[in-house]
Amino acid sequence: MIRKPPCRKLRGYAFDPSLSLKVDTALINNITYKIPWEEDLRPGPRGEYIEVMDYDPTVGKWYAPVDLNQLYIAAQDGIEPSSSNPQFHQQMVYAVAMTTIKNFEAALGRPVLWSPRHTVTTQAPKKKAGKAAGKPEQKQSYDYVPVLRIYPHALRDANAYYSPQKKALLFGYFAARPADITLQMPDNLTFTCLSHDIIAHETTHAILDGLYRKYTDNTNPDVLAFHEAFSDIVALFQHFTFPDVLKSQIAATRGDLASQNLLGKLAQEFGIAIGNYGALRDAIGSYDRVTGKWAPKVPDGDEYRKVMEPHARGAILVSAVFEAFLNIYKVRVADLLRIASNGTGILPQGELQPDLVNRLAAEAAKTAGHVLKMCIRALDFCPPVDITFGDFLRAIITADADLVADDSRDYRLMFIDAFRRRGIYPTGIKNLSVESLSYPIPNTTGMEEQIRILTSFLREFRAEITYAKKREAIYAINRKFIAGDYTPGQEPLLGLHRRLSVKFRNSKEFELLTGLVFGDDYESLGIAESKAYKTERPSFQVHSLHFATRISPSGNQTNQVVVTLLQNAAASISKDKQGNPRAAGNRKQPDLLIGGGCTLIFDLDTLELKYAISKPLLDVEALANSGVRQLHTGRAIQIRRHLQGKTQHMNAYQAYFGMAGVQGIGEPFAFLHTH
């Protein structure tokens, strides 16, 4: 019996086609991707995760789908890279998207699921004899999305974006208008589907939307910037999985990656073609137009306070993560450089020895892999709404400390220092120590009955989810345990939402833990029903339920369940006699929709609650200190000021996203990337 291959090899570009036309970069730009082998891969390609649909609406033409199982194609590691072959374009988007998915699954410890298709249907009221018909009922459904569709030639435009409505990636192509004609021929067709960085960037948008769909709600300056920055981080560090590219850059920079340019630039051809020489999202450095040399960006410590445009603000986060990587890399290779320089730290003139290049490249790749996994793994430790860069730093530190107890190389300190140098400070902590940044184990005193209920639920969930392997089966189990299930002749399964609604109602202890409103006296908090915001009482939603198995570098395994809760409340904020904000204004006309949420992380082996990471609606500090239940007016004021532009950075993004968030319309990433 012949075993199936461990991976499928497909040729493609490491960066974009423009580098294959330059003598000094042509050899490293053509690489071979290694992606998981899919036995039932169909022409398109269409596999378990993605489906490539190659229709060009500009010319009204379908391009023949590539069959990667065809003998001659499989025998030569896929179709040869070509800017003019649509079938290679299909191969390229498939290879990069699957590489990105593979990296996410390795870090998260579970299969990637796309954002479900949310539909709301109105059912006619049922009439009863002798009684008037009741109110129409709205029924919500969350339908499983098996594949993410990819359209390589979706539009004739200098844009590429992820569509949450279509559950698809749409790539554009356009005639180049280069700032420097020596870099690219005028009117040359540029295909965004041939840029590794753009494909990885858009795929990350789709994966992130599947994890947290509220991360497109523009509630603070960091939310839109985080989506952009995180997508760039994934695209950037995936380059370090390409051995030939990495060795070339190590040799060219004599081991100093801080002086490189290829690995630090994202979407190079895309930026050059539209007249923005350097790069579209060059976050960690830039070219000097006078000298023509690339130089790393030096933070001044004030960017985070001043820069508000989403792409530029996202670049601050990218540069912080890249600086942490560089510092970790320098520590890891310090002994190699001492040996190679006879203890002087100064390498001899001339080219580096190939053995030294290989060792430095191996350390850089290992470091980049660790940093990328730290960033992706941190997503499970973030609040489900209103994320800030400070929240992300705390998530990185907490997730890493949870999995790797011994931080012998000070990875966590490197991250803290890089964020500090840019003025990024989390709120609610006393100092920037690792211990202070790590989320504490929650206090569950007085919640013995509630914890027993949750423990019983986790046991039932563990019995079904542990051995589920297929993505559709995993999704079905997750939805079943969220909403409940009933099989005739069997005892009904109470879902998590039902258990929390009944057993946790009016529980001040659970309100203190999550920061969400579970009491019936919500009107005393200034919360009211609102037709404009389509809200009634502040009912909560179990947004997601995930089972994750993670393995540390030392081989230790952790099994966890991640639960996220969401809640919206319409409130009115006024001022008391002293001028302080309070939530007791006109309850008949609430003027603000406030979103809250909480991430609960359970250890599935011990059935204990390990973390409760909240963006509260309630003022938990007042509730803990004095037992007073009141709305978190600080968050409410910040959200309102941001949406109204009172922080002096109101722009088209906020106007558009604010409208889309309330009315549920628009293509947010298309708008963001166009601008």
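Residues numbered from 1 in each chain as written. Predicted model: local features only at pLDDT ≥ 70, side-chain atom pairs only at ≥ 80, totals over all residues. Heavy atoms only, no water.

Per an unreviewed UniProt entry, the recorded name for the protein chain is Peptidase M4, and the organism is Candidatus Pseudobacter hemicellulosilyticus.

Asks: How do you make sense of the overall build of the protein chain when you look at a structure like this?
Replies: Across its full length, the protein chain holds 21 helices and 20 strands. Taking all 675 residues of the protein chain together, 53% fall into the buried category. Long-range contacts, defined as pairs at least 24 residues apart, comprise 65% of the intrachain contacts of the protein chain with a sequence gap of at least 6. For the protein chain, the accessible surface area stands at approximately 30900 Å², while carbon and sulfur atoms represent 51% of it. (Helix = DSSP H or I, 4+ residues; strand = E, 2+ residues; numbered from the N terminus. Buried < 20%, exposed > 50% of the residue type's maximum accessible area, 1.4 Å probe, protein only. Contact = heavy atoms within 4.5 Å. Areas by Shrake-Rupley, 256 points an atom, 1.4 Å probe, with all protein chains shown as cover.)

Asks: Sorry if this is basic, but what is going on with unusual backbone geometry here?
Replies: The general pattern is negative phi for most residues beyond glycine and trans for most peptide bonds. Of note, the bond from Gly-44 into Pro-45 is cis; its omega dihedral lies within 30 degrees of zero at -5°. Here Pro-45 shows up in the loop between strand 2 (30-36) and strand 3 (50-52). Unlike most non-glycine residues, Lys-167 shows phi in positive territory, near 55°. Its location among the elements puts Lys-167 in the loop between strand 9 (160-163) and strand 10 (168-175). Its relative accessible area of 8% is what places Lys-167 among the buried residues.

Asks: Which parts of the structure should I look at to understand the packing of aromatic side chains?
Replies: Any pair of aromatic rings gets described here by the distance separating the centres and the angle formed by the planes. Tallied over the full model, the rule gives 25 aromatic pairs. When the centroid spacing of 5.0 Å and the interplanar angle of 75° are considered together, the rings of Phe-510 and Phe-518 count as edge-to-face. Across the pair, exposure class does not vary: Phe-510 and Phe-518 are buried alike. Cluster of aromatic residues (ring-pair linked, three or more members): Phe-104, Tyr-212, Tyr-215, Phe-226, Phe-230 and Phe-392. (Phe/Tyr/Trp six-rings, centres within 6.5 Å; stacked < 30°, edge-to-face > 60°.)

Asks: Can you help me understand the packing of helix 14 (residues 448-465) against helix 15 (residues 471-483) in this one?
Replies: A pair of packed helices can be characterised by two numbers: the angle between their axes and the separation between those axes. Where helix 14 meets helix 15, the axes come as close as 10 Å, and the angle between the chain directions of the two elements is 160°. On the basis of their axis angle, the class for helix 14 and helix 15 is roughly antiparallel. The handedness of the crossing between helix 14 and helix 15 is right-handed. Contacts between helix 14 and helix 15 pair Phe-457, Glu-460, Phe-461, Glu-464 and Ile-465 from the former with Ile-474, Ile-477, Asn-478, Lys-480 and Phe-481 from the latter. (Axes fitted to C-alpha atoms, helices over the stretch in contact; angles between N-to-C directions. Parallel < 35°, antiparallel > 145°, perpendicular 65-115°, else oblique. Left-handed = near helix turned anticlockwise from the far one by under 90°.)

Asks: Quick question: what am I supposed to make of the layout of surface pockets here?
Replies: A probe matching the size of a water molecule, rolled over the atoms, marks out where space remains unfilled. Estimated volume of the second largest pocket: approximately 1700 Å³. Looking at the second largest pocket, it is lined by 50 residues, and the ones nearest its centre are Arg-394, Thr-427, Gly-428, Ser-614 and Pro-616. Top element by residues in the lining of the second largest pocket is helix 19 (residues 633-644). It accounts for six residues. Considered class by class, the residues forming the lining of the second largest pocket number 19 nonpolar, 19 polar and 12 charged. (1 Å grid on protein atoms, 1.4 Å probe; cavity = no way out; pocket = protein on both sides within 12 Å on 5 of 7 lines; lining within 4 Å. Points joined across faces, edges and corners; volume = space filled by probe spheres on them. Nonpolar A, V, L, I, M, F, W, Y, C, P; charged D, E, K, R; others polar.)

Asks: What's the story with the environment of Phe-191 in this structure? I'm lost.
Replies: Looking at the element boundaries, Phe-191 is found in strand 11 (residues 189-191). The exposure class of Phe-191 is buried, given its relative accessible area of 13%. On a C-alpha basis, the gap between Phe-191 and Ser-83 in space is 7.7 Å, while along the polypeptide they are 108 residues apart.

Asks: Is there a simple way to explain empty space enclosed by the protein in this structure?
Replies: One pass over the structure, following the stated rule, counts six cavities of 30 Å³ or more. When its volume is computed, the largest cavity comes out at roughly 230 Å³. At six residues, strand 15 (residues 540-551) tops the list of elements feeding residues into the lining of the largest cavity. A per-class count over the lining of the largest cavity returns eight nonpolar, seven polar and three charged. Roughly 70 Å³ of internal volume is contained in the second largest cavity.

Asks: Help me understand helix 9 (residues 310-340), please; the structure alone is not making it clear to me.
Replies: The α-helix winds at 3.6 residues per turn, so residues separated by three or four positions along the chain end up facing the same way. Counted at 1.5 Å a residue, the expected span for helix 9 with its 31 residues is 45 Å, and the 43 Å between its end C-alpha atoms agrees. Of the residues that open helix 9, the one with a side-chain oxygen 3.0 Å from the backbone nitrogen of His-311 is Glu-309. Of the residues one or two after helix 9, Asn-342 is the one with positive phi, at around 55°. (Expected span 1.5 Å × (residues − 1). Polar contact = N/O pair within 3.5 Å; in protein donor to acceptor, adjacent residues only side chain to side chain.)

Asks: Explain the pairing of strand 16 (residues 557-571) to me, please; I cannot follow it from the model alone.
Replies: If a strand is regular, its side chains alternate between the two faces of the sheet. Counted residue by residue, strand 16 has 13 buried out of 15 residues, so it is predominantly covered. Pairing of strand 15 with strand 16, which is carried by 11 bridges, proceeds in the antiparallel orientation. Residue pairing for strand 16: His-546 is matched across the bridge by Val-562. Counted between consecutive antiparallel strands, the loop separating strand 15 from strand 16 contains five residues, among which Gly-555 sits at a positive phi close to 100°. Sheet topology places strand 16 next to strand 19 (residues 592-603); 12 bridges connect them, and they run antiparallel. In the strand pairing of strand 19, Ala-569 is matched with Ile-594. (Pairing = 2+ DSSP bridges.)

Asks: Explanation requested: the environment of Leu-372 in the structure shown.
Replies: Its location among the elements puts Leu-372 in helix 10 (residues 354-377). Judged by its relative accessible area of 6%, Leu-372 falls in the buried class. Once residues lying within four places of it in the same chain are set aside, the contact partners of Leu-372 are Asn-103, Val-234 and Phe-237.

Asks: Got a minute to help me understand the packing of helix 6 (residues 243-253) against helix 10 in this structure?
Replies: The geometry of helix 6 relative to helix 10 is characterised by a closest axis approach of 9 Å and an angle of 120° between their N-to-C directions. Our classification of the angle between helix 6 and helix 10 gives oblique. Between helix 6 and helix 10 the crossing geometry is right-handed. Residues Leu-246, Lys-247, Ile-250 and Ala-251 of helix 6 form the contact with helix 10, whose own contacting residues are Val-357, Asn-358, Leu-360, Ala-361, Ala-364 and Ala-365.

Asks: Explanation requested: the nonpolar core in the structure shown.
Replies: One recurring pattern in soluble globular proteins is that nonpolar side chains are buried together. Residues Ile-50, Trp-114, Phe-226, Phe-237, Phe-392 and Phe-415 are the most contacted members of the largest nonpolar core, which totals 127 residues. Ranked by the residues each element gives to this core, the list is headed by helix 9, at 13 residues. Not counting chain neighbours up to four residues away, the residues in contact with Phe-237 comprise Val-321, Phe-322, Phe-325, Ala-368, Val-371 and Leu-372. One finds Phe-461, Leu-493, Phe-504 and Phe-602 within the second-largest nonpolar core, a separate group that totals 37 residues. (Core = buried A, V, L, I, M, F, W, Y, C linked by side-chain atoms within 4.5 Å.)

Asks: Hey, could you run me through the pattern of salt bridges in this one?
Replies: Side chains that carry opposite charge are capable of pairing whenever their charged atoms lie near each other. Summed over the entire model, instances satisfying the criterion amount to 26 salt bridges. A salt bridge links Arg-412 to Asp-400; the nearest nitrogen and oxygen atoms lie 2.5 Å apart. Placement of the pair is Arg-412 in helix 12 (residues 411-420) and Asp-400 in helix 11 (residues 389-403), with a sequence separation of 12 residues. Take Arg-412 and Asp-400: they sit in the same class, and that class is buried. (Salt bridge = Lys/Arg side-chain N within 4 Å of Asp/Glu carboxyl O.)

Asks: Could you clarify how one ought to interpret the confidence of the model for the protein chain in this entry?
Replies: Low-pLDDT stretches of the model should not have their predicted coordinates read in fine detail. Scored by pLDDT, the protein chain comes out at a mean of 83, with 81% of its residues at no less than 70. Confidence drops under a pLDDT of 50 for residues 261-281, and excluding neighbours within four residues, the segment shows 87 contacts in the predicted structure. The model gives residues 646-665 a pLDDT under 50, and that stretch makes 40 contacts with residues more than four places away or in other chains. (pLDDT = per-residue confidence, 0-100.)

Asks: Would you take a moment to explain the environment of Lys-297 for this structure?
Replies: The residue Lys-297 is located in the loop between strand 13 (294-296) and helix 8 (303-306) in this model. Along the primary structure Lys-297 and Ser-319 are separated by 22 residues, whereas in three dimensions their C-alpha atoms are 8.1 Å apart.

Asks: Could you clarify how one ought to interpret the side chain of Ser-163 in this entry?
Replies: The residue Ser-163 is located in strand 9 in this model. There is a polar contact of 3.0 Å between the side chain of Ser-163 and the backbone nitrogen of Lys-166. Setting aside its immediate chain neighbours within four residues, Ser-163 contacts Ala-168, Leu-170 and Glu-667.

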